[in-house]
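Results of the structural survey
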Amino acid sequence: MTERPTGAGPITRAYGSFEKVNQQNLLSVTSVPQAAPPGEPSGQTMAGSYSFQLNTNHLRVQECSGSPTAGLCRGWKQFVFANDGTKGGNPNPDPSPSRLYVEYWLLHYNPDPGQGQPCPSGWTEVADDGEVHCTRKSDAVELPYLSIQSIARPALRLDGATTTTADGQETDTATFNDGSGRIYSSTGVGVLHVLPPAPQEPASEWTQVEFNVFGYGHGATARFNPEASFNVRTTVEDGSPVKPGCQNFGFSSERNNLNFGPPGPVPSTPAPAVVINESVMGPAAPSACRVAAVIGDTHQYTFGGLFYDFQATGDFVEAQAGSTFEVQTRKASGAPNWPNTSVNRSVAMRMGTSRLALCEGTRLVVNGTTTSLPAGDSLLLPNGVAIDRVNNVYTFTDPSGNSVRATANSGYLDLGVGVGPGASTVRGLLGNPNDDPHYLDVRGGNPLRVPVTHTALYETFGNSWRVSPSATLLQPCTAVTPGNPTAPFYAGNLSTATRAWAQEACRNRQVNTLWLDTCTLDVGVFGSASAAIVYVGLQRPDVDANPQQPPVCVPGVPVCPTPTCSPAGCGRAGG
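What this report covers is the structure whose coordinates are included nearby. Note that the structure is a prediction, hence the values are computed from the model and not measured. (Residues numbered from 1 in each chain as written. Predicted model: local features only at pLDDT ≥ 70, side-chain atom pairs only at ≥ 80, totals over all residues. Heavy atoms only, no water.)

Another aspect to go through is the overall build of the protein. When you go through the protein residue by residue, the secondary structure sums to 3 helices and 37 strands. Relative to a compact globule of 575 residues, whose C-alpha radius of gyration would be 25 Å, the protein shows 26 Å and is just as compact. Its C-alpha atoms put the protein at 80 × 55 × 50 Å along the principal axes. When burial is assessed residue by residue, the protein has 53% of its 575 residues classed as buried. By sequence separation, contacts in the protein at least 24 residues apart represent 66% of the contacts at least 6 residues apart. Summing over all exposed atoms, the protein offers an accessible surface of approximately 23,700 Å²; the carbon and sulfur share of this is 51%. For the protein, the separation between the mean place of its 35 positive charges and that of its 46 negative charges on side chains is 7 Å. (Helix = DSSP H or I, 4+ residues; strand = E, 2+ residues; numbered from the N terminus. Rg over C-alpha atoms; globule rule 2.2 N^0.38 Å. Buried < 20%, exposed > 50% of the residue type's maximum accessible area, 1.4 Å probe, protein only. Contact = heavy atoms within 4.5 Å. Areas by Shrake-Rupley, 256 points an atom, 1.4 Å probe, with all protein chains shown as cover. Lys, Arg positive; Asp, Glu negative; His and termini not counted. Charge placed at Lys NZ, Arg CZ, Asp CG, Glu CD.)

Here we come to the nonpolar core. Of all hydrophobic cores here, the largest spans 50 residues; its most connected members are Phe18, Phe52, Leu106, Ile148, Phe176, Phe224 and Phe230. In contact with Phe18, other than residues within four places in its own chain, are Phe52, Ile151, Leu156, Phe211, Val213, Phe230, Asn231 and Val232. By size, the runner-up hydrophobic cluster in this structure holds 30 residues, among which are Phe303, Val366, Leu373 and Val385. (Core = buried A, V, L, I, M, F, W, Y, C linked by side-chain atoms within 4.5 Å.)

Attention now goes to the pairing of strand β23 (residues 306–309). Alternating residues of β23 divide into Leu306 and Tyr308 and Phe307 and Asp309, and every residue in both groups is buried. Of the pairings in the sheet, the one linking strand β22 (residues 299–301) to β23 comprises 3 bridges and is antiparallel in character. Among the inter-strand pairings, His299 is bridged to a residue of β23, identified as Asp309. Taking the residues that link successive antiparallel strands as the turn, the β22-β23 hairpin has 4 residues, and the phi of Gly305 there is positive, at about 100 degrees. Looking at chain direction, β23 and strand β37 (residues 543–544) are connected through 2 bridges and run parallel. Looking across to β37, one finds that Leu306 is bridged to Val543. (Pairing = 2+ DSSP bridges.)

This part covers the pattern of salt bridges. Taken as a whole and judged by the stated rule, the model has 16 salt bridges. Residue Arg4 pairs with Glu205 through a salt bridge whose shortest N-O separation is 3.1 Å. Taken together, the positions of Arg4 in the loop between β1 (2–3) and β2 (13–19) and Glu205 in the loop between β13 (183–189) and β14 (208–214) put the pair 201 residues apart, joining distant regions of the chain. One continuous salt-bridge network, built from bridges that share partners, spans Arg13, Arg157, Asp159 and Glu237. (Salt bridge = Lys/Arg side-chain N within 4 Å of Asp/Glu carboxyl O.)

Turning to the sheet that holds strand β27 (residues 354–359), a few remarks are in order. With respect to topology, 6 strands assemble into an open sheet ordered β24-β25-β26-β27-β28-β29, the strand pairing being antiparallel. Sheet topology places β24 (314–321) and β29 (369–371) at the edges, where each strand pairs with a single neighbour. The mean angle between the axes of side-by-side strands here comes to 30 degrees, regardless of whether they run parallel or antiparallel. Two strands pair when backbone bridges link them, and β24 and strand β25 (residues 325–334) are joined in this way by 7 bridges, in the antiparallel orientation. Within the sheet, the bridge partner assigned to Gln320 lies in β25 and is Glu326. (Axes fitted to C-alpha atoms, helices over the stretch in contact; angles between N-to-C directions.)

This paragraph deals with the state of the cysteines. What is meant by a disulfide is a covalent connection between two cysteines, made through their sulfur atoms. If you walk through the whole model with that rule in mind, you get 4 disulfides. The side chain of Cys64 participates in a disulfide bridge whose partner is Cys73; the two sulfur atoms lie 2.0 Å from each other. Between Cys64 and Cys73, the disulfide has an S-S torsion of -65 degrees and is therefore left-handed. The pair Cys64 / Cys73 is uniform in exposure class, with both members buried. In this model Cys359 forms its disulfide with Cys477; the gap between the sulfur atoms is 2.0 Å. Disulfide Cys359 to Cys477: torsion about the S-S bond roughly -70 degrees, handedness left-handed. Taken as a pair, Cys359 in strand β27 and Cys477 in the loop between α1 (454–464) and α2 (496–508) lie far apart in primary sequence, 118 residues in all. Each member of the pair, Cys359 together with Cys477, is buried. (Disulfide = S-S within 2.5 Å.)

This part covers the packing of aromatic side chains. Each aromatic ring pair is specified by the distance between its two centres and by the angle formed by the two planes. Inspection of the entire model under this criterion finds 22 aromatic pairs. The interplanar angle of 50 degrees and the centroid separation of 6.2 Å between the aromatic rings of Tyr50 and Phe81 together place this pair among those described as tilted. Residue Tyr50 is located in strand β5 (residues 50–56), and its partner Phe81 is located in strand β6 (residues 74–83); the two are separated by 31 residues in the primary sequence. Grouping aromatic residues by their ring pairs yields a cluster made of Phe18, Tyr50, Phe52, Phe81, Phe176, Phe211, Phe224 and Phe230. In this arrangement the basic side chain of Lys137 is found over the ring face of Tyr101, its NZ or CZ atom lying 4.4 Å from the centre. Above the ring of Tyr15, the side-chain terminus of Arg157 is found at 3.8 Å from the ring centroid. (Phe/Tyr/Trp six-rings, centres within 6.5 Å; stacked < 30°, edge-to-face > 60°. Lys NZ or Arg CZ within 6 Å of the ring centre and 35° of its normal.)

Turning next to the packing of α2 against helix α3 (residues 516–526). Where α2 contacts α3, the axes come no closer than 8 Å and their chain directions differ by 115 degrees. For the element pair α2 and α3, the recorded crossing hand is right-handed. Side by side, α2 and α3 meet where Thr498, Arg499, Trp501, Ala502, Gln503, Ala505, Cys506 and Arg507 of the first sit next to Leu516, Asp517, Cys519, Thr520, Val523 and Gly524 of the second. Across the contact of α2 with α3, the residue classes break down as 7 nonpolar, 4 polar and 3 charged. (Left-handed = near helix turned anticlockwise from the far one by under 90°. Nonpolar A, V, L, I, M, F, W, Y, C, P; charged D, E, K, R; others polar.)

Just distances and angles here, no functional claims.
Spelled out as structure tokens, the structure:
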């Protein structure tokens, strides 16, 4: 969710768009209804259906004055493009299966007709989990069917704007550019009247924006294909040139099956905006605001956008934000087969007063006590830290929005780490000084600019973030022998047969050429094609510090080229 910066005026206009769409030709979506209560029919699963929503925050409005629960009632606006895919692929498709409209809500209105307090005239009651809301829409504009693959069009955009007429009427306009030169709009006039904030209450005008792609409606989830990955850009106009803020929550009752990942390089044009990456298979964290990842054996994708390999063993600080959030990993050697590689064997974290660990990917330890958490269950600790488990994925979230998502694979962990909006500086293996991806952050020393030598990477930088036995959060987990690799190890160091097989496995998974070397290394070392999954749709980093590997040597080629760059020292071809 995007928030106006401090000191800015109310938002008058916002717009959302999509960028860096992975495998556009494979992109597909289905709107899946939410589970129905026992005894009630479930909704319809709708292939090709989805909605783009640009939603405001909840507003204090005059129309709530007639509510029996006026103190709870809030107004809400949604600028919506809804695409009914079930009408677009038939032999004789509906010429206008899509709708553009502004939807208005009086949330928690809880009408009581018996006491003469129904929903206002022209509004419709909507029951929801023991409460009743009131809703109405602007006149919907009908549009042609639009495939979800259209989000790759650079000009595609959903706008929401609010203006005030001379007589004080608010006019709300939803404008949609389908990306191919056709522009549509729908307007509502004088539907909601925003009031000044009550005493001791925060601002009641439009201050926050939620933009994303969701299910078709009624709480549905948009389910994308496994290769789906793209960036979501939200831009606001609030009279300020300052980049808007980011918060880790949303308003819509609809959902999607995408996870948040590192967004890659984010251009500042055409206007200050918040950009997040969403993907089905990539490394992810519950936090959308700032995300880093640690993948495979072991590849570090920092908060600042630097990608580099780090093959040391022992306990390390991955991320440290303030005094209440820290993530540590225990990295184990790949010996005897792969002595110059390492993997994340265990992870531990400090979240407020809680000490949490996932040991060897199989044993959850909460404040020193091994704790059972079956798949599908969750825990809520007294200090507000939440732990959820879905199959082999454990998610840890604290009240400040910091998070860790640990995917337990066979013998190693993939990690997504997110920090909340209040975290200004992140240090550790995943930090960069001033978020500059050209530098590594040395604890107690001067930053190192990449490229760096093998010695500097491990002896200077890596050792500065080692955790002593007295400071480690990983005491409950199986110990490992600390050490540094004697030489770098990349895909080019695999045998020809192993590399050729692993590379083909990555290609079969639709892994982008950008990640082919890294994916090949992981698949070859782990001996499993499933190690490629995390690279599907992963965005390009700002700086890739790993050297590009020579092509696989084949019979008949007398001389194979060798890498000429130092460890963690060269960008890939093209940047």
